[in-house]
Amino acid sequence: MPEYILIPTPIKHPTFSELELLIRRVGHDYVSDFSAIQGVLDLLTTETSPTYKQKWIKNASTSLQHATHISQALMELGTSRHQSKEFRLEELEKETVEYAIHHWGLSIAPFADKSVSSQTCFNHFNILYMQLFNFVQNARDSYNGKKSFKAELGAEILCPSEQELHYLGRNAEHYTTKDHLVRIWVRDEGKGIPKEKLSTIFRPGFTTRSNGSGLGLYLVDYICDFVHGFAKVESEVGRGSKFSLYFAQNKR
C-alpha cells in the first residue's frame, strides 16, 4: 500500500483560523457527549426495566469518561508537556473500544498480542487516548455511513531502526537504537485514500465529512512532539487504510 510518514515539526503557535477549527471541534465533541448524557438521565426518570437502566447508565458513563479524557488531553496540549503517567497498553485499548462499542456499535478486533497489551508505558495517556480514538473515528467514517463496519487495533514494542530515528525528526535526540518505541495502529477495510491525498490529510481544514472540523489529523503533528514519536498512514482506494502512531514507551 502507498504510505506517508508524518515527521514531527517543532511546536508552533496556531493561527486564528486553526483556533476557530479547534473551538468547533471541541464544541461538536462535547455537545454530542453531553447531549447523550442528558438523554440518558431523561430516560432513567421513566424507564423501569433494570436491564435497560444498566445499558443506558453504561452509555452515560462512557460518554463522560470520553469527554474527560479529551478535555484533559487538550489541557496538556495547551499548557504543560510534563504530565506523563504510568499505564498499561490494555487500559488504552479498553477505554477506546468501550466508547466505540457502546456509541457506534463498532465491530472491533482488540490488540491480538496480549504480551504486548500488558506492557507498562509512561507517557501522556489522555493525549494518546485522543489520538487512538481519532484513528478509530476515521475508520468508522471510511465506511460512508454504513451501519455495519469493522476495524482492527494493533500494538507492538520495537527498537527504532536508523531509518525510524530519522522519522522521529527533532524527537530523535531522545533515542538510540536500543530504546523502546510503542507502535499502535487502527486498520479498516473502508473506501481508502488516494495516494496523492495522503500528505494533505494532515493539513488544517481537510475533512471528508460534512460536519467535520478538519482538525483531528492536523493535531497529530502536535501530538507526535508531545509523546516523542511520529505517525504513518498506509492506504489504497478500495482496500482501506492503516493509521499508526509511534511513541516513547518511557517518555523522558
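Notes on the structure in this doc start here. (Residues numbered from 1 in each chain as written. Predicted model: local features only at pLDDT ≥ 70, side-chain atom pairs only at ≥ 80, totals over all residues. Heavy atoms only, no water.)

Another aspect to go through is the nonpolar core. Leu89, Ile184, Leu245 and Phe247 are the most contacted members of the largest nonpolar core, which has 52 residues in total. Elements that contribute at least two residues to this core include exactly α2 (50–78), α3 (89–104), α5 (125–141), β5 (150–158), β6 (181–188), α7 (219–226), β7 (230–236) and β8 (240–248). Considering each element in turn, this core owes the most residues, ten residues, to α5. Judged by nonpolar contacts, the second largest core, of ten residues, contains Leu158, Leu165, Tyr167 and Phe230. (Core = buried A, V, L, I, M, F, W, Y, C linked by side-chain atoms within 4.5 Å. Buried < 20%, exposed > 50% of the residue type's maximum accessible area, 1.4 Å probe, protein only. Helix = DSSP H or I, 4+ residues; strand = E, 2+ residues; numbered from the N terminus.)

What follows concerns the packing of α3 against α5. Axis separation between α3 and α5 bottoms out at 10 Å; the angle between their running directions is 40°. On the basis of their axis angle, the class for α3 and α5 is oblique. With respect to the hand of their crossing, α3 and α5 are arranged in right-handed fashion. Across the interface between the two elements, Glu91, Leu92, Glu95, Thr96, Tyr99, Ala100 and Trp104 from α3 touch Phe125, Leu128, Tyr129, Leu132, Phe133, Val136, Gln137 and Arg140 from α5. Residue classes in the contact of α3 with α5 are distributed as ten nonpolar, two polar and three charged. (Axes fitted to C-alpha atoms, helices over the stretch in contact; angles between N-to-C directions. Parallel < 35°, antiparallel > 145°, perpendicular 65-115°, else oblique. Left-handed = near helix turned anticlockwise from the far one by under 90°. Contact = heavy atoms within 4.5 Å. Nonpolar A, V, L, I, M, F, W, Y, C, P; charged D, E, K, R; others polar.)

Moving on, we get to the side chain of asparagine 171. Here asparagine 171 shows up in the loop between α6 (162–167) and β6. In this structure the side chain of asparagine 171 is engaged in a polar contact, spanning 3.2 Å, whose partner is the backbone oxygen of cysteine 224. Once residues lying within four places of it in the same chain are set aside, the contact partners of asparagine 171 are Pro8, Cys224, Asp225, His228 and Gly229. (Polar contact = N/O pair within 3.5 Å; in protein donor to acceptor, adjacent residues only side chain to side chain.)

Below, the discussion takes up the sheet that holds strand β3 (residues 107–109). Strand order in the open sheet formed by six strands is β1-β7-β8-β6-β5-β3, and the pairing between neighbours is mixed. Only two strands of the sheet have a single partner each, and these edge strands are β1 (3–6) and β3. Across the sheet, the axes of successive neighbouring strands diverge by a mean angle of 15°, strand direction being ignored. Where β6 lies against β8, seven bridges are found, and the strand directions are antiparallel. (Pairing = 2+ DSSP bridges.)

Looking at the secondary structure, you find cysteine 224 in helix α7. For cysteine 224, a relative accessible area of 0% corresponds to the buried category. Each C-alpha atom of the pair cysteine 224 and isoleucine 127 lies 9.8 Å from the other, and the pair is 97 residues apart in sequence. Setting aside chain neighbours within four positions, we find cysteine 224 in contact with Pro8, Asn171, Gly229, Phe230, Ala231 and Leu245.

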